[in-house]
Every structure is written in C-alpha cells, then in structure tokens.
Amino acid sequence: MRILSADWVLPVEGEPIENGAVAVRDGRIEAVGTAAALGEGERFEDAAIVPGFVNAHTHLEYAVYAAFGDGLSFAPWLALHIERKARIGREESEAIARLGAAQCLASGVTTVGDASFAGAAAHACAELGLRAIVYLEVFGSDGDGALGQFREKLDYVRPALSERVQVGVSPHAPYTCSTEVYRACLSLDIPVTTHFNESQDELDWLLRGEGPMLPVRPLLVEPDGQSGIRRLAAAGVLDARIVAAHCVKVDAEEIELLARHDVAVAHCPRSNALLGCGVAPLAELRAAGLRVGVGTDGISSVPSHDYFEELRAVVSAARARTEDAGALSPAEALELGTLGGARALGLADEVGSLVPGKRADLAVVTLAGTPYVPWEDPAAAVVYGGGSPQILATLVDGEVRYERGGFRWHELTDAASRARSLLLQDRAPASAQPR
Ligand SMILES: [Zn+2]
C-alpha cells in the first residue's frame, strides 16, 4: 500500500480534508481521510491532492498546430488546418500526440476524451500511460463509407487498446457528416463524440446553405435547413453515448433536446473564445441537467494543454456571460473538470473523484510561492493558483506517470517540432498518407 498526504485532499465527492491522505493499493483508492488516521506516507508540503483531471475534449494530434490561422474566422481556420494536416503521416502524428499526451499528464490530467483524426493518439496514450477514450474521426455522407474509414483506422489503433485506452468513434460534425453516418457510428455501440453548434459559420451553412463555409463545400454535407441537433433528434440518433463538444450556439429548444436524450457536453471556453465563436451557455446547460465536462480542445485553437488555464476560463466565462460573480465557484469548476468530465465520458464509476474503490487517478499540485497560502479556500487556491508548472506528480492507476522534472522534454519536443516544420512546408512529404 502507498500513502500520499498533503495540506489538503479535495475528494470532489465529499468535503475537503485538511491534512488529508489518500491510500492506494493495486491501482485503486483504498481509503481517503486524514493523515492522522491513515499515516503521512509521502508528504507534500503546501500542496493539495485532487482527482486527476478529465480533459473531456482534446485533439492530441494537433499539439504543435499552435497559432495556425490565428485570427481567422471558423471556416477559413478549418480549411487551413485541413490543408496542412495532409502534409504529414502517421509517424509525425504519433510524435505530435506523444507531446500532447505528455503535456496533459504534466498538467494533472489523467483521462482524455480525444477526437483522433489519424488514431496516433491511441498509441501515444498507451505509451505514456494516460487513460483515454480515443474517438476515431469519420466524415462524409455514406454510412458504409464512414464505417470503412473507422475500420481502417481501428486496424492501426488496435495494438494500443487496453482497459486504459479505449476506442470510440467520432462523426466529426453535422456539417461534415450525414444523419446516416451518425446512425452507422451509433450502430458500433462504442463511445461517440462529435462537435455540435460550435460556430455561427456552420449554422449559416446548415440553416441556409450560405456563408463562410462555402469554400470548403466539397467537404460538407448538403444542408436541409436545420441545425445538427434538431436534424439528429428528429432522426432518432441522439443518445447518452454521445459527448458533444462546444454547444456554443444553442437555443433553449436545442438544450432541451440534448437533455431529453441525455447527450453529454464537453465545454471548451478558451477555444470558443479564441476562435471568436462565443461563450457557451453553461448555466443553462447545467440547469437542464446535462452531464457537462471541460475540454481544452486542441492546440489548433488554444495556446496550451494547461488544464488550470481552462478551469479559470470556465469560471470567467460563466460569470462574464451571466454578469453574476456567484454564477460558478472554483469548487464547481473543479467538479466539472473531474467528476463532470468522468460522467460525460461514461467513466464515473471508475474515475473522477477520490473515493475508495475507484481507480487511483490523482494529481498533486503545489501552491508554494503563490498568494493562496496560507490556505483559505483550497478549491479556489487550486483553480486560481494552480498551473502545469506546479504539478508535482500525476498518478494513473496508482502509478506515477508524471513527476516534476521527470520527462525528457527535449526528446518529445524535438520530434514534434520536426513534424511542425513539415506542416509549415508547402509540399507534402512522401510519407504523408491520405485520409
Ligand atoms: Zn474538437
């Protein structure tokens, strides 16, 4: 048995424990209580132990796409990424995803819900010991065609799969996937993720067949005058297996449809803000009873995988949108980023809080040197004062998968930056593989 203790343990399910400890045995949490009761074990001063964060929406394969198309509106931004992505192959995607997975672990993230274009994220997560559902992306109008894309990617991904790294499928979005493609994906009976109502650009296309999406028309499905949520609800293909990223431009009826079918939401406030898409109605989504998690999205739209930056954005966005400082507390943001994400991904029986019996997925964050010690509100200290550089250790299944100073970052960044230089070249290398 291994015991870790710190100034505070924040179990998320249950009250914060001062001078708390967590006991771990065989990869699971054996007990959570005071250090006086459980013993000090490995003691972390000026630190808090929290459940590992659940990053509910990532694209680890875009970890070096930083600032590509920054300042463009959604449609031309998307077009630029599609064009550049064709310049690299699997080897490069794996190098990039490895860096992305390492950055997540270094930020206290223990689980990702990753929308994966190439499937490389599965190999990266398996290698680094990061828990993941890797949703393989499919596109188009033809259901059988989409299943063909899925199977081809699955063949490549299969050796990486385990209890820790599971496969899902991602019909990309209602403007790039037909209802038949969604139906085909659900027939696989595995976890599903997608992008719903992220931007006005996509709604201009879906509702009226016009707007900034027109230049990428060959990649789009023909519009039928409805939003994706309405179209898929009417076709009976919304259900609880689906995690919908974004849901920024949703009206009350669409929120009700999501709630009725128990679709989960991955809230990505930094991505939505930086792409000029807007601020998702988090209060309304929560009030409707939706399962909501928090995702960073890819480095294609945000500057970092630092999960604390995202949690702060969750609080800021919620309060700015409602003009109410009481709209969301740091403790609520912490819950969204842990248990909320676990519920959204369907993993809440196993992860998302520090309770006996769950997987020992946890992070140790130091607040030493910040204005948040001496402690007042430990959740506020963690959410407002934390950051990737302050993560001391990240454990998945009770195993240390990250320790501050422990990664050989230069190896990870060298390989990934070589891939970035290919992305920035005008011509595709011979190793680039078509989708
Ligand atoms: Zn996404």
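Read on for an overview of the structure. (Residues numbered from 1 in each chain as written. Predicted model: local features only at pLDDT ≥ 70, side-chain atom pairs only at ≥ 80, totals over all residues. Heavy atoms only, no water.)

1. Description of the packing of helix H5 (residues 143-157) against helix H6 (residues 179-187)
Reasoning step 1: Running from N to C, H5 and H6 cross one another at 50°; their axes reach a closest spacing of 8 Å. Classified by the interaxial angle, the pair formed by H5 and H6 is oblique. Our pair here, H5 against H6, has a crossing hand that is right-handed. Here Gly143, Ala146 and Leu147 of H5 come into contact with H6, specifically with Glu180, Val181 and Ala184.
Reasoning step 2: Split into classes, the residues belonging to the contact of H5 with H6 amount to 4 nonpolar, 1 polar and 1 charged. (Axes fitted to C-alpha atoms, helices over the stretch in contact; angles between N-to-C directions. Helix = DSSP H or I, 4+ residues; strand = E, 2+ residues; numbered from the N terminus. Parallel < 35°, antiparallel > 145°, perpendicular 65-115°, else oblique. Left-handed = near helix turned anticlockwise from the far one by under 90°. Contact = heavy atoms within 4.5 Å. Nonpolar A, V, L, I, M, F, W, Y, C, P; charged D, E, K, R; others polar.)

2. Describing the coordination of the zinc ion
Each pair of donors in an ideal octahedron of six around a metal sits at 90 or 180 degrees, and each pair in an ideal tetrahedron of four sits at 109.5 degrees.
Reasoning step 1: Coordination of the zinc ion by the protein comes from His57 (NE2), His59 (NE2) and His195 (NE2), over a distance range of 2.0 to 2.1 Å.
Reasoning step 2: Mapping the donors of the zinc ion onto the primary sequence gives the spacing H-x1-H-x135-H. Histidine 59 matches histidine 57 in its accessibility class, with the two residues each being buried. (Donors = N, O, S within 2.8 Å, 3.2 Å for Na, K, Ca; no water. Buried < 20%, exposed > 50% of the residue type's maximum accessible area, 1.4 Å probe, protein only.)

3. Concerning unusual backbone geometry
Reasoning step 1: Of note, the bond from valine 373 into proline 374 is cis; its omega dihedral lies within 30 degrees of zero at 0°.
Reasoning step 2: The phi torsion at asparagine 197 lies on the positive side, around 45°, for a residue other than glycine.
Reasoning step 3: With respect to the helices and strands, the residue asparagine 197 is situated in the loop between strand E9 (192-196) and helix H7 (200-208).
Reasoning step 4: We note that aspartate 397 has phi near 55°; this positive angle belongs to a residue other than glycine.
Reasoning step 5: If you trace the backbone, aspartate 397 turns up in the loop between strand E14 (391-396) and strand E15 (399-403).
Reasoning step 6: The class of aspartate 397 is buried, set by a relative accessible area of 11%.

4. Some words on the side chain of arginine 359
Reasoning step 1: Turning to its location among the elements, arginine 359 is positioned in the loop between helix H13 (330-345) and strand E13 (362-366).
Reasoning step 2: At 2.7 Å, the side chain of arginine 359 and the side chain of glutamate 163 are in polar contact.
Reasoning step 3: Excluding residues within four positions of it along the chain, arginine 359 makes contact with Gly27, Arg28, Ile29, Arg131, Glu163, Glu350, Val351 and Asp397. (Polar contact = N/O pair within 3.5 Å; in protein donor to acceptor, adjacent residues only side chain to side chain.)

5. Comments concerning the sheet that holds strand E2 (residues 17-25)
Reasoning step 1: Ordered by their spatial adjacency, 7 strands build an open sheet running E3-E2-E1-E4-E13-E14-E15, and the pairing between neighbours is mixed. With partners counted over all chains shown, the strands left at the sheet margins are strand E3 (28-34) and E15, one partner each. Ignoring which end each strand starts from, the neighbouring axes of this sheet average 35° apart.
Reasoning step 2: Bridge analysis of E14 against E15 gives 4 bridges, and the strand direction is antiparallel. Note on E15: the bridge partner recorded for leucine 395 is valine 400. (Pairing = 2+ DSSP bridges.)

6. What to know about the packing of aromatic side chains
Given two aromatic rings, one states the distance between the centres and the angle between the planes to describe the pair.
Reasoning step 1: If you walk through the whole model with that rule in mind, you get 10 aromatic pairs.
Reasoning step 2: Each ring, one from tyrosine 65 and one from phenylalanine 68, has its centre 5.3 Å from the other, and the planes form 35°; the classification is tilted.
Reasoning step 3: Its relative accessible area of 1% is what places tyrosine 65 among the buried residues.
Reasoning step 4: Taking the centre distance of 6.4 Å and the plane angle of 35° together, the rings of tyrosine 182 and phenylalanine 196 count as tilted. You can see tyrosine 182 sitting in helix H6 and its partner phenylalanine 196 sitting in strand E9, a full 14 residues away along the chain. Here tyrosine 182 matches phenylalanine 196 in class, with each residue buried.
Reasoning step 5: Pairwise contacts between aromatic rings join Phe53, Tyr307 and Phe308 into one cluster.
Reasoning step 6: One cation-aromatic arrangement involves arginine 84 over phenylalanine 68; the distance from NZ or CZ to the ring centre is 4.5 Å.
Reasoning step 7: Note that lysine 85 overlies the ring of phenylalanine 117, its terminal NZ or CZ placed 3.8 Å from the centroid. (Phe/Tyr/Trp six-rings, centres within 6.5 Å; stacked < 30°, edge-to-face > 60°. Lys NZ or Arg CZ within 6 Å of the ring centre and 35° of its normal.)

Such coordinate-based values are descriptive only and should not be taken to indicate function.
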